[in-house]
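# Coordinate analysis (summary)
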Amino acid sequence: MSLERTLLLAGGVALAIAWNGQTANAQNAFTITSSSFKDGERLATKMAGNNKQNPNCVGENISPALSWANPPEGTKSYALMMFDPEGRPPGGVSHWVAYGIPVSVTGFAEGEVSKQTDKFVGGKSLMGLPHYFGPCTPPGAPHHYTFTLIATDLEPTALQPGMTRDELIKALEGHAKGATGIIGTFSKP
């Protein structure tokens, strides 16, 4: 794993929460993947945000397909966040905050989380939305959009709706069983 990817995952939460230190061998590692993009590669333009008041929002706001496997033992629910560390310096942009995802859910289909569903509790992104909102990257160097999936020992109904990324991270302290991530990049075409 490159140093840049390690730092991005750290910025995306992997090191920001207390984890119980469980390890897994590579064959049974907790992973998140996407059939919509490969880790470290560009997201399709259709996955960019669609706010017509922002000229950098050039897409259709279609969420990527995401799937995960091999949760750590004792997992009861998941939290999933999408974060752009380069957006709006110095704080970054929280694009999506979801939690209370039951352990029985092993992924989302393309476009499924572009709106609220009963498969997750909607938090609050920087835009104030409870669901996915895609990149609105300004021209120039691509930004890195980190999808961080956290396995928790919390029941799916344990946390109230509407939590921000920072509030969720605080609420997950001591409850994270492990984390995994995938990064998509985007720049305005």
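What you see is a predicted model; the values in this text were computed from it and never measured.

### Things to note about the state of the cysteines
- The tally for this structure, following the rule as stated, stands at one disulfide.
- Between Cys57 and Cys136 runs a disulfide, and the two sulfur atoms are separated by 1.9 Å. The S-S bond linking Cys57 to Cys136 shows a torsion near 105°; that makes this disulfide right-handed. Taken together, the residues span a long stretch of sequence, with Cys57 in the loop between strand S1 (31-33) and strand S2 (66-69) and Cys136 in the loop between strand S6 (121-122) and strand S7 (143-152) at a distance of 79 residues.

### Side note on the confidence of the model for the chain
- For the chain, per-residue confidence averages 89 on the pLDDT scale, and 86% of positions sit at 70 or higher.
- Within the model, pLDDT remains below 50 along residues 1-24, and this stretch shows 43 contacts once partners closer than five positions in the same chain are excluded.

### Here we look at the sheet that holds S7
- As summarised here, the arrangement of the five strands in space is S6-S4-S3-S7-S8, forming an open sheet in which the pairing is antiparallel. Lying at the two open borders of the sheet, with one neighbouring strand each, are S6 and strand S8 (176-186).
- Where strand S3 (residues 77-84) meets strand S4 (residues 93-102), seven bridges bridge the pair, whose relative direction is antiparallel. Note that in S4 the partner of Tyr78 across the bridge is Ile101.
- Strand contacts of helix H2 (residues 165-172): S3, S4, S7 and S8, with the helix running at about 140° to S3, the strand carrying the most contacts.

Conventions we followed
- Position labels on residues start from 1 in each chain and follow its written sequence.
- With the structure being a predicted model, the display of local features is reserved for residues of pLDDT at least 70 and the display and counting of side-chain atom pairs for 80 or more, all residues being used for whole-chain, interface and lining totals.
- The side-chain quantities take in all heavy atoms of the structure and omit both hydrogens and water.
- When the sulfur atoms of two cysteines come within 2.5 Å, that pair is taken as a disulfide.
- Helix numbers and strand numbers start at the N terminus; a helix is a DSSP run of H or I with at least 4 residues, a strand a run of E with at least 2.
- For every residue, the pLDDT score states the predictor's confidence, bounded by 0 at the bottom and 100 at the top.
- When checking whether two residues touch, look at their non-hydrogen atoms; a contact exists if any pair is within 4.5 Å.
- If DSSP finds at least two bridges between two strands, the strands pair.
- Note on geometry: axes are C-alpha line fits, over the in-contact stretch for helices, and angles between N-to-C directions span 0 to 180 degrees.

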